Amino acid sequence: VQLQASGGGLVQAGGSLSLSCAASGSTFSSYAMGWFRQAPGKEREFVAGIARNGGSTVYADSVKGRFTISRDNAKNTVSRQMNSLKPEDTAVYYCASAYVGRSWSVKTQKDEYHYWGQGTQVTVSS
């Protein structure tokens, strides 16, 4: 599975950004998808995850109510809308996929994900 992220950039605090990730190379609907982020000097952390059919989502407490993850299995894409951005949201954001077969589970741990995109920078200025 190849993952290609797009979007990101520089935004002022309180603003919004949208990230998208396009997948290719395998059956997209057999994969749970997730977004992670890594700030300088910090561990990569879970941000949001979505089940293979989009029916379930999980968010980190730090972004709950501000970020929304969605997917379009017909287009093999997963997206994330980020609103009310804060300077502490500044990080490199990564999309990732986890093969789940017929499971409806949402994955939240880094080690559960098999494929990673290249990362895209999001910078929120105060």
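This text goes with the structure placed above it.
Residues numbered from 1 in each chain as written. Predicted model: local features only at pLDDT ≥ 70, side-chain atom pairs only at ≥ 80, totals over all residues. Heavy atoms only, no water.

1. Some thoughts on the side chain of Thr120
Just so we agree on the cut-off: Under the scheme used here, helices are H or I runs from DSSP no shorter than 4 residues and strands are E runs no shorter than 2 residues, and both carry numbers assigned from the N terminus. Summary of the burial criterion: residues with accessible area below 20% of their type's maximum are buried, those above 50% are exposed, and those between are partly exposed, where the area comes from a 1.4 Å probe applied to protein chains only. Contact between two residues is taken to exist if any of their heavy atoms lie within 4.5 Å; hydrogens are not considered.
With respect to the helices and strands, Thr120 occurs in strand E11 (residues 120–125). Residue Thr120 is classed as buried on the basis of its relative accessible area, which comes to 10%. Every residue in contact with Thr120, bar those within four places of it in the chain, is listed here: Ala5, Gly7, Gly8, Leu19, Ala91, Val92 and Tyr93.

2. As for the nonpolar core
One recurring pattern in soluble globular proteins: nonpolar side chains tend to sit buried together. The test is simple: The definition of a nonpolar core used throughout is a set of buried Ala, Val, Leu, Ile, Met, Phe, Trp, Tyr and Cys residues joined through side-chain atoms within 4.5 Å.
Counting residues in hydrophobic clusters, the biggest one holds 33 residues, and the most contacted among them are Trp35, Met82 and Tyr93. Looking at this core, the elements that each hand over two or more residues are strand E1 (2–7), strand E3 (17–24), strand E4 (31–38), strand E5 (45–50), strand E7 (67–72), strand E8 (77–82), strand E9 (91–99) and E11. When residues in this core are grouped by element, the largest group, 5 residues, is from E9.

3. Describing the pairing of E11
Let me state the cut-off plainly: One bridge is not enough; two strands pair if DSSP finds at least two bridges between them.
Going residue by residue along E11, you find Thr120, Val122 and Val124 tucked away on one face and Gln121, Thr123 and Ser125 left uncovered on the opposite face. Bridge count for strand E2 (residues 9–12) against E11 is 4 bridges, and the pairing is parallel. Across the sheet, the residue bridging to Gln12 is Ser125, located in E11. Of the strand pairs in this sheet, E9 and E11 are connected by 3 bridges, and their pairing is antiparallel. Across the sheet, Ala91 pairs through a bridge with Val122, a residue of E11.

4. Overview of the side chain of Ser30
Summarising the element assignment, Ser30 is placed in the loop between E3 and E4. Setting aside residues up to four positions removed in sequence, Ser30 forms contacts with Arg52, Ala98, Tyr99, Val100 and Gly101.

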